[in-house]
Amino acid sequence: AVSPFLAIPSELSSEAKPAIIHLKRDQHQALVLKPESTLQTRFGNFPHSSILGLHPGSQVRASAAVPSLKEQRKRKRASNSNTTTETEGIQTAAGFLHVLNPTAELWTASLPHRTQVVYTPDSSYILHRLGAGPGTQIIEAGAGSGSFTHASVRAVYNGYEDGRELGEGEVKVEDNKKGKVWSFEFHEERAGKLREEISEHGLETLVQITHKDVCAEGFMVPSEEGATTSPRANAIFLDLPAPWLALPHLTRQEPSPLDQEKEIRLCTFSPCIEQVTRTCNKMRELGWVDIQMVEVQHQNMEVRRQLQRGYDEGAGPRSIAEALTRLKGVNDLRDQRKDAQIAQAHGEQASFAGLGFKKSNGRRKQETGEEGRIVSRMEPELKTHTSFLTFATLPRVWTEEQEKEAAEFVKEHV
Ligand code: SAM
């Protein structure tokens, strides 16, 4: 069966399954649902059997009422100060949760952190720039908590026919053409934990985790026969403290971990500009081209209209004539605002009060007359740790024979 991380099923299976529990906004919990287990939360107890088999997105009520939050706090205070508390006649409340199908994004939001992780705004941009798509062989090092591993495995997955009958004209992707994540981690415990999670998530055929120090030993992977095999990667992501030490192992010199018939795209993720400089110098030395550094400054912005209902404003128009007058007022206001915006774009002083921003308590307010006031503010919690992303390309090497063929092709067709 296809991992729920790759294809969203219409309903959760009644067997053991990974799922994400949505407790409240920005509070998720990842778990593997098992018929005999129970999830205990501050919103109540939820036997897994009451969740298994439901449609993703379903709301589930707690099996039994639990003490209200106020009561829980009171009890905690009492137990801290060693005083006894009345348990008779306490207030109780039965809470609920929502069960969601796991996705790479939800996993990133809920995974157990063993290291700093790459968040979705960065990983989505990185995978896009690496050209990662179905069939890509991607190297990642170090694997850390496996956040980027989950994002990349979905990007490279091209076995959508797995576990179902092929439609007319559909051809099964051969195993050796399937996209794969070649993951490296030198911290033994982290490598082992990630291996467990990847297997629980049904992704073990698509992610190969190798426990090794890539800076010292490179990216070749031990094979069953005791020799080594090449990932033949065409995309690489390095989230390491010293990426410049790993780069000498990413050349076309055999035995090479790279796909010799493709151009290679690389991204390194470093928090300090000094690391970026050292990485760029090494990249240049080793023949990487198109070197570019980017920083993703992702911010959520909450924008909403706040209607100010005064004594008269809140009431609807009392006649058609009044409605038309009001409408004209709104249109005039819009025209004035447009004129002022154009003036401002030309560097002139905007005369319309509606464009003036007032700063108060960190909020920016824009007066918009009759339509209500637009209030916007940055969401305070920034779930991303900013690093510099350095991208580079290693061009494909052409043999003399291939150069000749290409020249003939151009002569014939162009
Ligand atoms: N990208 C990961 C994620 O999204 O969860 C986080 C990576 S974490 C910041 C860096 C990891 O690199 C650590 O787990 C560390 O053990 C590993 N590491 C550092 N140097 C390494 C090396 N030379 N070879 C392999 N892994 C290494």
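A quick note: this is a predicted structure, and the numbers were derived from the prediction, not measured.

1. Overview of the overall build of the chain
Helices and strands together make up the secondary structure of the chain, namely ten helices and 21 strands. A buried classification covers 38% of the 414 residues belonging to the chain. Within the chain, contacts between residues separated by at least 24 positions form 68% of all contacts whose residues are at least 6 apart in sequence.

2. Digging into the site of the ligand
Neighbouring the ligand are 22 residues; Val118, Glu185, Arg190, Asp213 and Asp239 lie closest to it. Ser147 is positioned such that a nitrogen or oxygen atom in its backbone is 3.2 Å from an oxygen atom of the ligand. A total of 600 Å² of accessible area belongs to the ligand in isolation, and the protein chains cover 91% of it. Where the shell around the ligand is concerned, the elements lending two or more residues are helix H4 (147-156) and helix H6 (214-217).

3. Quick look at the side chain of Lys180
With respect to the secondary-structure elements, Lys180 resides in strand E10 (residues 180-185). No salt bridge is formed by the buried Lys180, whose closest oppositely charged neighbour, Glu224, lies at an N-O distance of 9.1 Å. Here Lys180 is in contact with Thr136, Gln137, Ile138, Val156, Thr205, Leu206 and Gln208, once residues within four sequence places are set aside.

4. What to know about the pattern of salt bridges
If the charged atoms of two oppositely charged side chains come close together, the side chains can form a pair. Counted according to the given criterion, the structure contains eight salt bridges. A salt bridge links Glu285 to Lys282, with the nearest nitrogen and oxygen atoms 2.9 Å apart. A residue pair is termed a helical-turn pair when its members lie 3 or 4 positions apart in one helix, as Glu285 and Lys282 do in helix H8 (residues 273-285) at three residues. Residue class for Glu285 comes out exposed when judged on its relative accessible area of 59%.

5. Describing a positive patch on the surface
On the surface, a cluster of positive charge is made up of Lys24, Arg42, Arg73, Lys74 and Arg77. With three residues, the top contributor of residues to the positive patch is helix H1 (residues 69-80). When you line up the elements, Arg73 lands in helix H1.

6. So, the confidence of the model for the chain
Do not read the fine detail of predicted coordinates wherever pLDDT is low. Mean pLDDT over the chain stands at 82; residues scoring 70 or higher make up 77%. Scored below 50 in pLDDT, residues 84-91 shows ten contacts in the model against residues more than four places distant or in partner chains. Predicted confidence is poor over residues 348-369, with pLDDT under 50, and the contacts of this stretch with residues over four places away or in other chains come to 39 contacts.

7. A word on unusual backbone geometry
Here the bond from Ala141 into Gly142 is cis, since omega is -15 degrees, no more than 30 degrees from zero. Inspection of the secondary structure puts Gly142 in the loop between strand E9 (137-141) and H4. Each neighbour pair has its own omega, and for Glu254 with Pro255 the value is -5 degrees, a cis peptide bond. As for its placement among the helices and strands, Pro255 is situated in the loop between helix H7 (243-246) and strand E15 (264-270). At Arg232, a position not held by glycine, the phi torsion is positive, near 50 degrees.

8. Side note on the nonpolar core
Core analysis: the biggest nonpolar cluster contains 35 residues, and Ile126, Ile138, Leu203 and Phe237 have the highest contact counts within it. Looking at this core, the elements with two or more residues in it are helix H2 (104-110), helix H3 (120-129), H4, helix H5 (188-200), strand E11 (207-211), strand E14 (235-238), E15 and strand E21 (388-394). The greatest single-element share of this core, amounting to four residues, is contributed by H4. Counting 21 residues, the second-largest nonpolar core is a separate cluster that includes Ile139, Phe184, Leu266 and Trp288.

9. Considerations on H3
If you check which residues of H3 are buried, you get Asp122, Ser123, Ile126 and Leu127. Angular distribution of buried residues about the axis of H3 spans 120 degrees; they occupy a single face of the element. Just past H3, the residue Gly131 takes up positive phi, approximately 70 degrees.

10. Brief notes about the sheet that holds strand E2 (residues 27-33)
Here we have four strands laid out as an open sheet, ordered E2-E1-E8-E5, and antiparallel in their pairing. The open sheet terminates on both sides in strands that have one partner only, identified here as E2 and strand E5 (59-61). Within this sheet the neighbouring strands show an average axis-to-axis angle of 35 degrees, counted without direction. When E5 meets strand E8 (residues 96-100), the two strands line up antiparallel, connected through three bridges. Directly across from Gln59, in E8, lies its bridge partner His98.

11. So, the sheet that holds E11
Strands sit in the order E11-E10-E9-E14-E15-E21-E16 across an open sheet of seven strands; the sheet is mixed. Looking at the sheet topology across the chains shown, the edges are occupied by E11 and strand E16 (289-295). Averaged over all neighbouring strand pairs, the angle between strand axes comes to 15 degrees, with direction disregarded. Examined bridge by bridge, E15 and E21 share seven bridges and lie antiparallel to one another. Across the sheet, Phe269 pairs through a bridge with Leu389, a residue of E21. Each of E9, E14, E15, E16 and E21 is contacted by H3, which is oriented at about 15 degrees to E21, the strand it contacts most. Along the sheet face, H5 touches E10 and E11 and points at about 165 degrees away from the line of E11.

Basis of the calculations
- Residues numbered from 1 in each chain as written.
- Predicted model: local features only at pLDDT ≥ 70, side-chain atom pairs only at ≥ 80, totals over all residues.
- Heavy atoms only, no water.
- Helix = DSSP H or I, 4+ residues; strand = E, 2+ residues; numbered from the N terminus.
- Buried < 20%, exposed > 50% of the residue type's maximum accessible area, 1.4 Å probe, protein only.
- Contact = heavy atoms within 4.5 Å.
- Near = heavy atom within 4 Å.
- Polar contact = N/O pair within 3.5 Å; in protein donor to acceptor, adjacent residues only side chain to side chain.
- Areas by Shrake-Rupley, 256 points an atom, 1.4 Å probe, with all protein chains shown as cover.
- Lys, Arg positive; Asp, Glu negative; His and termini not counted.
- Salt bridge = Lys/Arg side-chain N within 4 Å of Asp/Glu carboxyl O.
- Patch = residues over 30% accessible without salt bridge, like charges linked within 9 Å, V, L, I, M, F, W, Y side chains within 5 Å.
- Charge placed at Lys NZ, Arg CZ, Asp CG, Glu CD.
- pLDDT = per-residue confidence, 0-100.
- Core = buried A, V, L, I, M, F, W, Y, C linked by side-chain atoms within 4.5 Å.
- Arc of directions from axis to C-beta.
- Pairing = 2+ DSSP bridges.
- Axes fitted to C-alpha atoms, helices over the stretch in contact; angles between N-to-C directions.

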